[in-house]
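Working through the structure, step by step
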Amino acid sequence: MSGSEFRVKTRKKIARVDITKEVERAAKELGAKKGALLVSVPHTTAAVTVGETWDEDVTTDIERALAEWVPDVRFDHGEGNSPAHFLSEAIGVSCLIPLEAGKPVLGRWQGIVLIELDGPRERTVRIHVLGS
């Protein structure tokens, strides 16, 4: 298994950032041709997933929905970012993407998305090649 990483600066409290091109670049640099890519974030208040990246309205809709997903729940964690911790666990901090001919295999409208839940911050995205 080989790996790479890159950083993403987010600008909002909750933000959905298309990182597909960066993941493709990392896969190319790793020289992997076939297998799978494990895309992960080592953070407890961010997530990564695959979703539609073609229509910008999807991004704003999801950002708005995430902001509303955790209504007035009482949390004991004192930092005030418990909703971000909950959302990170609900969405997930990694995703596995097939790799063929050196590129992630995605559907026509799909992209790889970093989801910021407690920004703005600088986030690390890690790419690992599984198989090959």
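This report concerns the structure included in the present document. What you see is a predicted model, and the numbers here were worked out from it, not measured in a lab. (Residues numbered from 1 in each chain as written. Predicted model: local features only at pLDDT ≥ 70, side-chain atom pairs only at ≥ 80, totals over all residues. Heavy atoms only, no water.)

A look at unusual backbone geometry
- Residues G119 and P120 are joined by a peptide bond in cis, for which omega reads 0°.
- We note that A101 has phi near 50°; this positive angle belongs to a residue other than glycine.
- The residue A101 is located in the loop between β5 (94–100) and β6 (103–104) in this model.
- Judged by relative accessible area, which is 68%, A101 ranks as exposed. (Helix = DSSP H or I, 4+ residues; strand = E, 2+ residues; numbered from the N terminus. Buried < 20%, exposed > 50% of the residue type's maximum accessible area, 1.4 Å probe, protein only.)

Structural notes on the packing of aromatic side chains
- Scanning all chains against the criterion turns up two aromatic pairs.
- Ring centres 5.8 Å apart and planes at 70° place the aromatic pair W69 and F86 in the edge-to-face group. Here F86 lies in helix α3 (residues 82–91) and W69 lies in helix α2 (residues 56–69), a separation of 17 residues in the sequence.
- Looking at W69, the relative accessible area reads 45%, which means it is partly exposed. (Phe/Tyr/Trp six-rings, centres within 6.5 Å; stacked < 30°, edge-to-face > 60°.)

Comments concerning the sheet that holds strand β4 (residues 46–52)
- Spatial strand order, β2-β7-β4: three strands in an open sheet with antiparallel pairing. Strands at the two margins of the open sheet, each flanked by one partner only, are β2 (15–18) and β4. Here the strands of the sheet are splayed against their neighbours by 35° on average, with no regard to which way each runs.
- Across four bridges, the pairing between β2 and strand β7 (residues 110–116) is antiparallel. Paired with D18 across the two strands is V113, which belongs to β7.
- Across the sheet, α2 touches β2, β4 and β7, and the angle it forms with β2 is around 145°.
- Its contacts with the sheet put α3 on β4 and β7, and the angle it makes with β4 is roughly 50°. (Pairing = 2+ DSSP bridges. Axes fitted to C-alpha atoms, helices over the stretch in contact; angles between N-to-C directions. Contact = heavy atoms within 4.5 Å.)

What to know about the sheet that holds strand β1 (residues 2–9)
- Strand order in the open sheet formed by five strands is β1-β8-β3-β5-β6, and the pairing between neighbours is antiparallel. Across the chains shown, the open sheet's two edge strands, defined by having one partner strand only, are β1 and β6.
- Across six bridges, strand β3 (residues 35–40) lies against β5 in antiparallel orientation. Within β5, the position partnered with S40 by the bridge is S94.
- The sheet strands contacting helix α1 (residues 20–30) are β1, β3, β5, β6 and β8 (122–130), and the helix crosses β1 at an angle near 150°.

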